[in-house]
Amino acid sequence: MRIATWNVNSVKARLPNVCSWLEQAAPDVVLFQEIKCETAAFPGSVFEALGYRAAALGQKSYNGVAILSKRPIEDLREGLPGDSDDVQARYLEATIDGVRIASLYLPNGNPVGTEKYPYKLRWMARLRDHAAGLLATEQPFVLGGDYNIIPAAEDVYDPAAWATDALFRLESRSAFRALVNLGLTEAYRALHPVGAGEPPAYTFWDYQAGRWPRDQGLRIDHFLLSPQAADRLVGCTIDRGPRAGEKASDHTPVVLELTG
DNA sequence: ATGGTTGTTCCACAA
């Protein structure tokens, strides 16, 4: 089972890029973030023509997540529990072939001095609570998406320049560690340990200041796996191809492979 | 500290 996650930065603007990548990479499941359209406007029929079923949770202009799957999508959950007042479309979860799979778009949190940052931390606390509940079920699950978290200095081109940013500051990284430390496996780093001759592995390059041609990126798109899913982990790769194309998203897909 | 780019929307805001 191959599961991809990709922040597409508007599914409408990215439709040709996304379709050509799906035809070439052909993952079994795809998690989208930042679809930037309302639920009803999600182009599900386009993906159905490529052999996928689709579920989306969107809103006007911003955010929005979706799940595509070649196999049936069951027991859909729309939204992250823990705050009924939170109207931002950032979380979708479903069961596919017996695996609980979430597509999440964690709040950016910048600028740190505003309400955006405590919202990010509250959202992370809710995610941790929800993950603890999922762990108690002892089922295989995968939490994939744009976490807007740089886990460690190896995951950013200039750690000093990002020290106070909401994606990298200690409080953000601590919250991410607290989530992982429930007993989850961060798939990419588990298979590609730092210091094993691995080159920098980024998933996002800002449109500005020539970040892509200089390979000055961030690794902020992640897969966190439950123990039962981690037992099946055989691959996690970053496909830089789509970032190089015309009208590219600023993020590129990450592809997870589980046995079975 | 500044400047740089893209997408959506109403020409600012989010990233």
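See the structure above.
Everything numeric here is computed off the predicted structure, so don't read it as measured data. (Residues numbered from 1 in each chain as written. Chains lettered and ligands numbered in written order. Predicted model: local features only at pLDDT ≥ 70, side-chain atom pairs only at ≥ 80, totals over all residues. Heavy atoms only, no water.)

Caption draft 1: Local environment of the environment of Glu138. Topologically, Glu138 is positioned in the loop between helix 3 (116-136) and strand 8 (141-146). Linking Glu138 and Pro227, residues 89 residues apart in sequence, is a C-alpha distance of 8.2 Å. (Helix = DSSP H or I, 4+ residues; strand = E, 2+ residues; numbered from the N terminus.)

Caption draft 2: Up close: empty space enclosed by the protein. Here the structure, examined in full by the defined rule, presents one cavity of 30 Å³ or more. Its volume calculated, the largest cavity comes out at about 30 Å³. Listing elements by their share of the lining of the largest cavity, those giving two or more residues are strand 10 (221-225) and strand 11 (233-238). In terms of residue count, strand 10 provides more of the lining of the largest cavity than any other element does, three residues in total. Partitioning the lining of the largest cavity into residue classes produces five nonpolar, two polar and three charged. (1 Å grid on protein atoms, 1.4 Å probe; cavity = no way out; pocket = protein on both sides within 12 Å on 5 of 7 lines; lining within 4 Å. Points joined across faces, edges and corners; volume = space filled by probe spheres on them. Nonpolar A, V, L, I, M, F, W, Y, C, P; charged D, E, K, R; others polar.)

Caption draft 3: Local environment of the protein's contact with DNA strand B. Taken together, 15 residues form the shell around DNA strand B, and within it Ser10, Arg14, Ser61, Tyr207 and Gln208 come nearest. Among all atoms of DNA strand B positioned within 4 Å of the protein, those belonging to sugar or phosphate total 65%. At 3.4 Å from a sugar or linking oxygen of DNA strand B is found a main-chain nitrogen or oxygen belonging to Tyr207. Between DNA strand B and Gln208 there is a distance of 2.4 Å, counted from a base nitrogen to a side-chain nitrogen or oxygen. Residue classes in the surface near DNA strand B are distributed as four nonpolar, five polar and six charged. (Near = heavy atom within 4 Å. Polar contact = N/O pair within 3.5 Å; in protein donor to acceptor, adjacent residues only side chain to side chain.)

Caption draft 4: Structural context of unusual backbone geometry. Residue Pro111 is bonded to the preceding Asn110 through a cis peptide linkage, with omega at -5°. Phi is positive for Ser61, close to 75°, though the residue is something other than glycine. Along the chain, Ser61 turns up in the loop between strand 3 (53-57) and strand 4 (65-69). For Asn63, which is not glycine, the phi torsion reads 60° and is therefore positive. Its place among the elements puts Asn63 in the loop between strand 3 and strand 4.

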